[in-house]
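Below, each chain spelled out in residue letters.
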Amino acid sequence: MDRETQNRMDSDTRLRMADSVPRADDLDAEDNTETEGPEPEEECCDEASPSESVVRERSSSLPPTPRECDEPTTRESKSGTAQPKTEPPCPDADKPPCPDADKPPCPDADKAQSAEAQAAQPADAQAAQPAGAAGPTPDSTTADTCVARKPPKLRVLVDMDGVLADFEGAAFKLWRATYPDEPFVAPENRRGYYIKQQYASLRADLGEKMVGIYTTAKFFTDMEPLPGAIDAIKEMTQMADTEVLFCTTSLRTFDNCLPEKYGWIRQYLGPEFVDKIIIIRDKTLVDGHLLFDDKDTITGLKEKPSWEHILMSTAHNKDVVLPPPKQRLESWGHDWKSILERKRQELACNNVQ
Ligand SMILES: [Mg+2]
């Protein structure tokens, strides 16, 4: 082989070798072809992206992580394949297990148990709960439970003249001492609330003379307590959940009446009772549950007072016929406690919501 022929053969060999080695721009072209090609069809037609499918596929090969709220329930897919049921988010581990996702959320378990326990108690036990004790609050009441709140403190209003203090006895005594020769009305024969009118019926001028008797200085101071009145008031004041107030009227000529009524309460009951005095001409405006009063008819601006009137029996009202269910107390020696208890029970019943 001559030299020229050898050189030509070497050149052809180098050219063939150069064509068989890929160049850099040829490699880039191959990569672009792979990424821009059509994506392979997914076997699963759900909405998960291919990357999520990969994660799910990998996760399915791992043992399931136990969850307290998982229920071992499955549901059939359209294709008949058992698919895991979609679970609600797992709540805090300290809370009760998840309710059924198809049901409305459970009420607060603590409140429900408290209402059930309260409803199971006797009404008396519920009423006897002290203030601040664990019990239902108004917002814990449910449609199918009925609970009683603590009844309010029983407020008893007590008149003074003819209920605590012997007005009639003091008037008769001073009348006889002042006018020993004038006609008089014996205490047991008194009729009608106003003593002035009955004396005036004896003789016209005797009415004003009687007014002079009970407006005399120290008339109210010298009144004797009615039998059993002081002990009853002291005992009533000590009763649980009971508030006693003195609800009395002043004379229009009040110069002696007012200070003497305050002094009378302080003398027979003590200075701590002075704060319980209410001086008012219209007793219908005073809030209370019971009013012990010797006046048979009490009217005022309020057509329906909050209190129930208990007529305190005395000579001037003994012929008054009370319409039922109006009640009277014959004296403080009679059963005044049952009247308070009856009223207390009424309040408890009315307090059931
Ligand atoms: Mg009176």
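Look up a bit, the structure's there.
It should be emphasised that the depicted structure is a prediction, and the values quoted were computed from it without experimental measurement. (Residues numbered from 1 in each chain as written. Predicted model: local features only at pLDDT ≥ 70, side-chain atom pairs only at ≥ 80, totals over all residues. Heavy atoms only, no water.)

1. With respect to the sheet that holds strand β7 (residues 308-312)
Step number 1: Read from one edge to the other, the open sheet built from six strands follows the order β5-β4-β3-β6-β7-β8, with strand pairing classed as parallel. Each edge of the open sheet carries a strand with a single partner, namely β5 (277-279) and β8 (327-329). Taking each pair of neighbouring strands and ignoring which way they run, the sheet shows an average axis angle of 30°.
Step number 2: Pairing of strand β3 (residues 154-158) with strand β4 (residues 242-248) involves five bridges; the strand directions are parallel. Across the sheet, Val156 pairs through a bridge with Val244, a residue of β4.
Step number 3: Across the sheet, helix α9 (residues 229-238) lies against β3 and β4, angled at about 140° from β4, the strand it touches most.
Step number 4: In this fold helix α10 (residues 254-268) packs onto β4 and β5, with an angle of close to 160° to the strand it touches most, β5. (Pairing = 2+ DSSP bridges. Helix = DSSP H or I, 4+ residues; strand = E, 2+ residues; numbered from the N terminus. Axes fitted to C-alpha atoms, helices over the stretch in contact; angles between N-to-C directions. Contact = heavy atoms within 4.5 Å.)

2. Considerations on the environment of Phe254
Step number 1: Within the element layout of this structure, Phe254 appears in helix α10.
Step number 2: Relative accessible area serves as the criterion here: at 44%, Phe254 is assigned to the partly exposed category.
Step number 3: The sequence separation of Phe254 and Thr215 amounts to 39 residues, and the corresponding C-alpha distance is 8.2 Å. (Buried < 20%, exposed > 50% of the residue type's maximum accessible area, 1.4 Å probe, protein only.)

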